[in-house]
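# Structural overview
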There are 2 protein chains.
Amino acid sequence: MKELFYPKHVAVVGVSKNPSKVGHVIFANMVKMGFSGHVYPVNPKYKEVLGHKCYPSVEDVPKVDVVVIAVPAGFVPDIIRQAGKKGCKYAIVISGGFGEAGNEELTERLMKAVKESRIRMLGPNCIGIMNTKNRFDTVFFPLHKMIRPSYGRVSIISQSGGLGTSIIDKSAYLGIGIGKFISYGNAYDIDETDILSYLGKDEETDVIVMYIESVKNGKKFAETLKEVNRKKPIIALKAGKEGKAKEAAKTHTGSLAGDYLSFKAAFKTAGILEANSLSDLFDYLTIFNQPLPKGKNLGIITNGGGLGVMSADEAIRQHLNIVDLSKEDKELLEEFLPEYVTPSNPLDLVADADVERYKKALDVFMNSKDIDMLLVNVLFQAPSISEELLNPIVRAAMDKRKPIAVVVPGGKWAEAFSSILSMNGVPTYDAPERAIRALRKLYDYSKVVRQRE
Amino acid sequence: MKELFYPKHVAVVGVSKNPSKVGHVIFANMVKMGFSGHVYPVNPKYKEVLGHKCYPSVEDVPKVDVVVIAVPAGFVPDIIRQAGKKGCKYAIVISGGFGEAGNEELTERLMKAVKESRIRMLGPNCIGIMNTKNRFDTVFFPLHKMIRPSYGRVSIISQSGGLGTSIIDKSAYLGIGIGKFISYGNAYDIDETDILSYLGKDEETDVIVMYIESVKNGKKFAETLKEVNRKKPIIALKAGKEGKAKEAAKTHTGSLAGDYLSFKAAFKTAGILEANSLSDLFDYLTIFNQPLPKGKNLGIITNGGGLGVMSADEAIRQHLNIVDLSKEDKELLEEFLPEYVTPSNPLDLVADADVERYKKALDVFMNSKDIDMLLVNVLFQAPSISEELLNPIVRAAMDKRKPIAVVVPGGKWAEAFSSILSMNGVPTYDAPERAIRALRKLYDYSKVVRQRE
């Protein structure tokens, strides 16, 4: 399936001159971003689009590895056949209006064309592919509306195009690098299991994020989940769990959302990291650039007592250990802590803590044999805290000896610092409970890995 | 207690020339913001601070209604006595180092001074008060680090200073107007019940947010909660729920966090809107500028199918009704919807929806007799969506006929629109499940109000 992600010659069929039309946006995006292969616009109405020669049909294009189709549904089967004649191997069908709209006859015609042309099809009714490495990108959201993420080692599989793109969009915002994105829509040919299996073997992918409503073949899917998750973590969000939501899923991608209980069972068996919401998904994803913890002993540092209390509450709910500090560690802390600060865990450095106090406390917790993971709360609004605190935190997180999550609550000022931290690869959250839940997932995955060994 | 919030003469004791010291920040903030009364710096070391005459002791100040004390703990009792002699009625003691640090003897001396001086004391070990109306503000976070929220009708009570300030800081960021903020710390004199009761009667306060770890008198507190919540909604976050978190709460504000089960029971009896996390608290707070719903029939609109499915999932989990559309409403929708859009609830306007399609759909749902509340999902990244969609959404929310929540997922582009919506008072969320949970809380409170009537 490598050629689907690394085509040399791409034809985009249905490129209008109207910049708000899907085909135009796809073509324009690839031109602007500098797709590393050749991209050809196809539309019988025009001789050129954006200064590029426009071809009347896909058969007139010099060469085609992948055809991207964004025309009304009725025309799609014929275009597939034409592409087949050109030796094209993959079709990405953006167009909707097949089974999900009740058009079964058209769906049959489409499938017949796909089969007879020996083409593998992604879609229909999908957003297709984004590969940040070669900038092959069929996401029809304009670049100014959706800034593309930088290259990274997280890949995303999404049954829903819109939801998938809001995941990549937010990833770019949070500074999370993305490798490949695949929106597969109705999955009439290439399905979730094919893609999952490919990403499992993909050497450019370390972490997989998956949004799913339904699957074609539950058994094969469950087996693949298990096999892939042993090699790299899968963070999965299952939607269309019940009742009206299932119905909504049916009109969405044309397939009935599976029984949630069987999904839940499959996730559990495979040790999949299930996210229950979009927020959870990002919270979990954010932590996965950190090393896996050796155990579940948590250290908590704060300059706001309430944040410490809330951190401890959630840690207890998540069954992490708020370990007591050893005599040695307490002595190390007493060397520099003022008298009114108690050397304990959670460690409340109190409101007048300065950068030096934080830095030394971080050192003690990072070096402590008893602490497996670290939560650092910072009220950057405190008068005694300056931007110099960023350095020791980034260094501790880059150190990769134990996982660190940082909580920076507040408004604009807090956001400035939290975004610098995220951009430097430090998992950063706006509230302690989110960070703690993420650390718990990292610990869960460390158990999957230990089982494997 | 009105004079505590509206003093005419305030003395700040312990104003250093060092801009990173608490006393300095408090004085400088009030000068810069233009506190509507008189504020006098007190410190025997200086003749002037920031161009203002500095007084050697509180007894030398022309007049004092409220004394704000930010000096080492040992000096506090004497300053209270001096203020008492000047006829001062309230003391706000910022300084920590009393019971929470194990200094019981000093605490006794403090309480004796308070009693004998007939002064009412807020604190010690607190951040004090912020009143956005007259800009009386003892929050010792510099203005550039913590932008103050605009005046509004939400007031905040917080046992934790740091956590409380991160609530006001984020409120400013989200465009939520705040009236009064009170951080009460160790609550040796004025306690949570006194403040709650005052805000219950306060004509400037419509919604109360409360962060709490422990209470002094559980029975009185529970009664006051019930009484106040009948008049205006209370959104409460209880921390220090168990084990180590309780211990952390003890070193924080010096009192043992109460049994969570009794809190839970009190909250339930009073119909309090309990938030389980900082994120939940904001999600709930955001919705409370909307009218209360007449029932729990929810309408969902989206241009991304996955968002519709996720919205429906959460609505089902929250026991809201995703009501079927009436024949009349369906006909109204069919008048303008393209053939490939199904007129149902959730209503997926699909990826090519433009502003006009949204606007007309909004009208149908706003006018529908069967829909009590409305969730609008928008992928602003879609090529056919423009900023003109902001107008009909803001108008629908200002209409106040039924509550609306808007979901705008994504990155920078999405954030621009969501922040314009929030600043215009439209409750806006980054994920459907957050919006749905907030709508559920609004419905819960509508039941409290109906019971009252």
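Residues numbered from 1 in each chain as written. Chains lettered and ligands numbered in written order. Predicted model: local features only at pLDDT ≥ 70, side-chain atom pairs only at ≥ 80, totals over all residues.

Moving on: the sheet that holds strand 2 (residues 38-42) of chain A. All names here are of chain A. Reading across the sheet, the five strands line up as 2-1-5-6-7 and stay open at both edges, with parallel pairing between neighbours. The sheet is open, and its two borders are formed by strand 2 and strand 7 (120-122), each paired with just one other strand. When strand polarity is set aside, the average angle formed by the axes of neighbouring strands in this sheet is 20°. Packed on one face of the sheet, helix 3 (residues 76-85) meets strand 1 (9-13), strand 5 (66-69) and strand 6 (90-93) and runs near 165° to strand 5. (Pairing = 2+ DSSP bridges. Helix = DSSP H or I, 4+ residues; strand = E, 2+ residues; numbered from the N terminus. Axes fitted to C-alpha atoms, helices over the stretch in contact; angles between N-to-C directions. Contact = placed C-beta atoms within 7 Å.)

Residues and elements named next belong to chain A. Burial of strand 11 (residues 178-183) is extensive: six of the six residues sit out of reach of the surface. As paired strands, strand 8 (residues 128-131) and strand 11 are joined by four bridges and run antiparallel to one another. Considered in strand 11, the bridge of methionine 130 is made with phenylalanine 181. Summarising the sheet, strand 10 (residues 151-158) and strand 11 pair through five bridges and their orientation is parallel. Following the sheet pairing, valine 154 is matched in strand 11 by isoleucine 178. Handedness of the crossover joining strand 10 and strand 11 through helix 5 (residues 161-174) is recorded here as right-handed. (Buried ≥ 20, exposed ≤ 12 C-beta atoms within 10 Å, placed from the backbone. Right-handed = clockwise from strand over helix to strand, strands pointing away.)

Turning to the interface of chain A and chain B, a few remarks are in order. Contact residues are listed per partner, giving 70 residues for chain A and 70 residues for chain B. Every element with two or more residues in the side of chain A that touches chain B is listed here: helix 2 (22-33), helix 5, helix 8 (243-253), helix 10 (278-287), helix 11 (305-317), helix 15 (412-423) and helix 16 (432-452) of chain A. Of the residues contributing to the side of chain A that touches chain B, the split by class is 34 nonpolar, 24 polar and 12 charged. (Nonpolar A, V, L, I, M, F, W, Y, C, P; charged D, E, K, R; others polar.)

Pairing is mixed in the open sheet, where seven strands are placed in the order 9-8-11-10-12-13-14 (chain B). Bordering the open sheet on either side are strand 9 (136-137) and strand 14 (273-275) of chain B, each of which pairs with just one other strand.

Looking now at the relation of the copies chain A and chain B. Of the two same-sequence chains, chain A is brought onto chain B (RMSD 0.0 Å, axial shift 0.0 Å) by a rotation of 180°. Both copies of the chain, as the preceding transformation shows, are related through a two-fold rotation axis. In terms of proximity to the rotation axis, the leading residue of chain A is A:Ser279, whose C-alpha is 5.1 Å off the axis. Of all interface residues in chain A, 100% are interface residues in chain B too; the two copies therefore contact each other through one and the same surface. (Least-squares fit on C-alpha atoms with pLDDT ≥ 70 in both.)

This paragraph deals with the confidence of the model for chain A. In the predicted model, chain A carries a mean pLDDT of 94, and 98% of its residues have values of at least 70. Taken together, the chains of this predicted complex give a pTM of 0.91 and an interface ipTM of 0.88. (pLDDT = per-residue confidence, 0-100.)

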